[in-house]
Amino acid sequence: MHTGRSLSSIRYLLGLCFYLMLSVRIGLAQGPQAVPSTLAPDSTPAHEIQSLSHFVLLITGAIFVVVAGLLVYIVIKFRAREPDAQHEPPQVYGSLQVELAWTVIPVLIVVVLFLTTARIIFAIQDAPKPKSALDVTVIGHQFWWEFRYPKFGIVTANELHVPVSPESDPKPTYLQLLSADVDHSFWVPQLGGKTDLIPNHPNQMWIDPHHTGLYLGQCAQFCGVEHAKMLLRVYVDTPGQFAAWVKNQEQPGVRDAAVASGRHVFETQACVNCHTIAGTIAKGTFGPDLTHLMSRATIAAGAAANTPDNLRAWIKDPNAFKPGSLMPAMQLNDEEVNELVAYLSTLH
Ligand code: HEC
Ligand SMILES: [Cu+2]
């Protein structure tokens, strides 16, 4: 009777697990989520990782249910009872069968988990690269991301644009991961697993987002004081949107005579040592490329929205937003900052 009851509670627990997993599946809509989510994969590598994690959860969940079930059963069945409270239970010293069983079964389970994990790792790493693939070089900096598109000669920062890659017409993006300083880690959970950016050790990963929209992620390897404000934004565009974005990024910086005084401030300050604006004397590479600053929705690696007020506050004192950021406060007066912001605001 006891066994019957514990069996039905095991069945109940298993049912609950499946129900939870199913509701997670159904509850999350397809496409990009408002928060970085590992529960809503939308790219082949992320899907494979999720199916692996379900498999691991199933096995470890079954182990938990068996162990917890037996424990509860034994605690109840062999609880102290009045008549034989003083009676010592039979003592067992060494049993070959029992010891073999609890050695061999866990070893087999670990081997199975190891082999399935290795299979998924190799399936993702060795996936053949189609001709339609786009190459992007990602360079991690303290505390921002640089994106280079070698085929187009584009350099941008913090907001990665890639084409959508529907299963019917795959256009995956292959990322070459480098670092300018310390270890960083590229992690957009809906699109793929974490991959580290290690100085002098190029890593690769690929993503093939199935829906358009904005996918969020962040640096997943502690890289210094502002690591937490090193966010990632991946815009998955339709082919038309992507072509238009590329075309715009290929243009040199806008030269608007109305903001010549702001450009003059920029070109005569140390800004040019750290930033590039194509078509000007600014050729620095220590900080983000500003040629198309206005095509980005955020500044400082997602730390703030790209608004004139935030730009003003940022240039006056980057530490106000991002204490520890590697851009110095430039000690400019209000008029110079206003002129600079007016100029930067034309860089579409
Ligand atoms: C010593 C190098 C250095 C100098 C000088 C410098 N910057 Fe920066 N700048 C940086 C770095 C590094 C970042 C990225 C900071 C981060 O996100 O953590 C940055 C970020 C920015 C951003 C945000 C860009 C983005 O897309 O997130 C703007 C705008 C900017 N700088 C403007 C200026 C202006 C204007 C000047 C001159 C008044 C200037 N910077 C001087 C290094 C510099
Ligand atoms: Cu980082």
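Refer to the structure above for everything that follows.
Below or above, wherever it landed, is the structure these notes cover. (Residues numbered from 1 in each chain as written. Chains lettered and ligands numbered in written order. Predicted model: local features only at pLDDT ≥ 70, side-chain atom pairs only at ≥ 80, totals over all residues.)

A look at the overall build of the chain
Here is step 1: Within the chain, the secondary structure is distributed over nine helices and twelve strands.
Here is step 2: For 348 residues, the compact-globule estimate of 2.2 N^0.38 gives 20 Å, and the C-alpha radius of gyration of the chain, at 28 Å, exceeds that figure by more than 25%.
Here is step 3: Seen through its principal axes, the chain has C-alpha atoms that stretch 100 × 45 × 40 Å.
Here is step 4: Split into buried and exposed, the 348 residues of the chain put 28% on the buried side.
Here is step 5: Across the chain, contacts joining residues at least 24 apart in sequence account for 67% of those joining residues at least 6 apart. (Helix = DSSP H or I, 4+ residues; strand = E, 2+ residues; numbered from the N terminus. Rg over C-alpha atoms; globule rule 2.2 N^0.38 Å. Buried ≥ 20, exposed ≤ 12 C-beta atoms within 10 Å, placed from the backbone. Contact = placed C-beta atoms within 7 Å.)

A closer look at the site of ligand 1
Here is step 1: Surveying the vicinity of ligand 1 reveals 32 residues, the closest of which are Trp144, Cys271, Cys274, Gly287 and Met327.
Here is step 2: Broken down by secondary-structure element, the contributors of at least two residues to the shell around ligand 1 are helix 6 (271-274), helix 7 (308-316) and helix 9 (334-344).
Here is step 3: Its residues assigned to classes, the shell around ligand 1 comprises 23 nonpolar, six polar and three charged. (Near = placed C-beta within 6 Å. Nonpolar A, V, L, I, M, F, W, Y, C, P; charged D, E, K, R; others polar.)

Quick notes on helix 2 (residues 44-77)
Here is step 1: Relative to the 50 Å expected for 34 residues at 1.5 Å per residue, helix 2 spans 49 Å between its end C-alpha atoms, a close match to the ideal helical length.
Here is step 2: Of the residues making up helix 2, those classed as buried are Thr44, Pro45, Ala46 and Ile49.
Here is step 3: The elements touched by buried residues of helix 2 are helix 3 (96-125) and strand 8 (203-207). (Expected span 1.5 Å × (residues − 1).)

Brief notes about the sheet that holds strand 10 (residues 231-237)
Pairing between the strands of a sheet comes from backbone hydrogen bonds, and it takes one of two forms, parallel or antiparallel.
Here is step 1: Within the open sheet, the three strands sit side by side as 4-10-9. Their pairing is mixed. Only two strands of the sheet have a single neighbouring strand rather than two, namely strand 4 (159-163) and strand 9 (213-218). In this sheet, adjacent strand axes meet at a mean angle of 25 degrees when their direction is disregarded.
Here is step 2: Across five bridges, strand 4 lies against strand 10 in parallel orientation. Paired with His161 across the two strands is Tyr235, which belongs to strand 10.
Here is step 3: Docked against the sheet, helix 4 (residues 239-249) engages strand 4 and strand 10, running at close to 130 degrees with respect to strand 4. (Pairing = 2+ DSSP bridges. Axes fitted to C-alpha atoms, helices over the stretch in contact; angles between N-to-C directions.)

Section: unusual backbone geometry
Here is step 1: Here Gln142 and Phe143 are connected by a cis peptide whose omega angle stands at 5 degrees.
Here is step 2: By secondary structure assignment, the location of Phe143 is in the loop between strand 1 (134-141) and strand 2 (144-149).
Here is step 3: For Asn158, which is not glycine, the phi dihedral falls at a positive 65 degrees.
Here is step 4: Among the secondary structure elements, Asn158 is positioned in the loop between strand 3 (154-157) and strand 4.
Here is step 5: Positive phi is not limited to glycine here, since Asn200 has a value of about 60 degrees.
Here is step 6: Within the secondary structure, Asn200 is located in the loop between strand 7 (195-197) and strand 8.

Structural notes on the pairing of strand 1
For a regular strand, side chains alternate in direction, first toward one face of the sheet and then toward the other.
Here is step 1: Pairing between strand 1 and strand 5 (residues 173-179): seven bridges, direction parallel. Across the sheet, residue Asp135 finds its bridge partner in strand 5, namely Tyr174.
Here is step 2: Bridge count for strand 1 against strand 2 is five bridges, and the pairing is antiparallel. Considered in strand 2, the bridge of His141 is made with Trp144.
Here is step 3: The antiparallel hairpin formed by strand 1 and strand 2 contains two residues in its connecting segment.

Some words on the sheet that holds strand 5
Here is step 1: Pairing is mixed in the open sheet, where five strands are placed in the order 3-2-1-5-8. Lying at the two open borders of the sheet, with one neighbouring strand each, are strand 3 and strand 8. Each neighbouring strand pair of the sheet contributes to a mean axis angle of 25 degrees, computed without reference to strand direction.
Here is step 2: Strand direction decides the pairing type here: strand 5 and strand 8, joined by five bridges, are antiparallel. Looking at the pairing, Thr173 lines up with Ile207 of strand 8.

As for the packing of helix 2 against helix 3
Here is step 1: The contact between helix 2 and helix 3 brings their axes to 10 Å, and the two run at 175 degrees. Considering their axes alone, helix 2 and helix 3 lie roughly antiparallel with respect to each other. Along the contact surface, helix 2 presents Pro45, Glu48, Ile49, Leu52, Phe55, Val56 and Ile59, while helix 3 presents Ile109, Leu113, Thr116, Thr117, Ile120, Ala123 and Ile124. (Parallel < 35°, antiparallel > 145°, perpendicular 65-115°, else oblique.)

Re the nonpolar core
Here is step 1: In this structure, Val138, Val234 and Ala301 are the most contacted members of the largest nonpolar core, which totals 51 residues.
Here is step 2: In contact with Val138, other than residues within four places in its own chain, are Trp145, Phe147, Leu175, Gln176, Leu177, Phe186 and Leu197. (Core = buried A, V, L, I, M, F, W, Y, C linked by C-beta atoms within 7 Å.)

Examining the packing of helix 7 against helix 9
Here is step 1: The interhelical angle for the contact between helix 7 and helix 9, taken along N-to-C directions, is 130 degrees, at an axis separation of 10 Å. In terms of their interaxial angle, helix 7 and helix 9 are classed as oblique. The handedness of the crossing between helix 7 and helix 9 comes out as right-handed. The residues of helix 9 that touch helix 7, namely those facing Pro308, Leu311, Arg312, Ile315 and Lys316, are Val337, Leu340, Val341 and Leu344. (Left-handed = near helix turned anticlockwise from the far one by under 90°.)

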